Structure formats: structure tokens, C-alpha cells
Amino acid sequence: VQLVESGGGLVQTGGSLRLSCAASVRFFGINVMGWYRQAPGNERELVASITRGGSTNYADSVKGRFTISRDNARNTVNLQMNSLKPEDTAVYYCNADFYNGMTYWGKGILATVSS
């Protein structure tokens, strides 16, 4: 199983980025998809997750600014990030939890917000 992230880059404070994650397998085996991030010197933390049924969960720090969405037909999960802040700078990782208990990670993609 491969998860490939795209859409990172450099943006100014207040700007937007849209991250996408494409899975190499059909989504029907995947229960929860999520985006995590890890800033230098920090632990990896959950940013947002979405179940197969569409229920979402967000970290308090991104509520109202980030939106996670999932396209089961295209095997993709997206993270729309608006009103970005310098503290959102991190490597963002796509995660997939399968119904069989397996979990997979993408290699990560850097999003940098300049002040």
C-alpha cells in the first residue's frame, strides 16, 4: 500500500494550501484516513481525520481553518488549509487505518508558512 502526498509548499501567513493524498489501493478497505504533522522538535500530532462514513475530527488548533475531505471513488483524501499561521509549518503525513488493523503512512510533505 502506498500513500502519496502532494500540494505542499511555501505560503505567507493568512494564505492557503491544499494537500492531497492518493492511495494505491481501493478505499473500501480503509476505515479512517487522517493527516498528521510534525514540526521540528515536536512529536507527530493528529491534525484531522475522516471515517469512511464521513465523520470528521480536528485538532483544536486547526478547527475552523482546516477542512478534511475524502473521495472514495478516486481513492484520495484532501486537507484544505486556510488562514495559515507560522505555527502550522510542519511536515504533513497522510495516514490510513484499515479495517484489518493495519496502518500505513505516506512519506510526508513539507508545508511552510512564512511570517
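Below, the structure is looked at part by part. For every chain, the first residue of the written sequence is number 1, and numbering continues from 1 along that sequence. The model is predicted, so local features are restricted to residues of pLDDT at least 70 and side-chain atom pairs to those at 80 or more, both for listing and for counting; the totals for chains, interfaces and linings are taken over all residues. The side-chain values count all of the structure's non-hydrogen atoms but skip hydrogen atoms and water molecules.

## Considering the side chain of Asn 95
Part 1 of the reasoning: With respect to the secondary-structure elements, Asn 95 resides in strand E9 (residues 90-98).
Part 2 of the reasoning: Note on Asn 95: relative accessible area 3%, which makes it buried.
Part 3 of the reasoning: At 3.1 Å, the side chain of Asn 95 and the side chain of Thr 103 are in polar contact.
Part 4 of the reasoning: What makes two residues a contact is simply this: any of their non-hydrogen atoms within 4.5 Å. Contacts of Asn 95, omitting those with residues within four sequence positions, involve Leu 3, Val 32, Met 33, Gly 34, Tyr 36, Thr 103, Tyr 104 and Trp 105. Put simply, DSSP H or I for four residues or longer makes a helix, DSSP E for two residues or longer makes a strand, and each gets a number counted from the N terminus. Each residue gets one of three labels from its accessible area relative to the maximum for its type: buried under 20%, exposed over 50%, partly exposed in between, using a 1.4 Å probe on protein chains only. A 3.5 Å cut-off defines polar contacts: any pair of N or O atoms within that distance qualifies, except that in protein one atom must be a possible hydrogen donor and the other a possible acceptor, and neighbouring residues in sequence count only when both atoms are side-chain atoms.

## Considerations on the state of the cysteines
Part 1 of the reasoning: In what follows, a disulfide is any cysteine sulfur pair within 2.5 Å. One pass over the full model with this rule turns up 1 disulfide.
Part 2 of the reasoning: Covalently, Cys 21 is tied to Cys 94 through a disulfide, its sulfur atoms 2.1 Å apart. Between Cys 21 and Cys 94 the disulfide shows an S-S torsion of about -85 degrees. By sign, it is left-handed. With a gap of 73 residues between them, Cys 21 in strand E3 (residues 17-23) and Cys 94 in strand E9 connect regions that are remote in the sequence.

Fair warning: the whole summary comes from geometry, so function is off the table for now.
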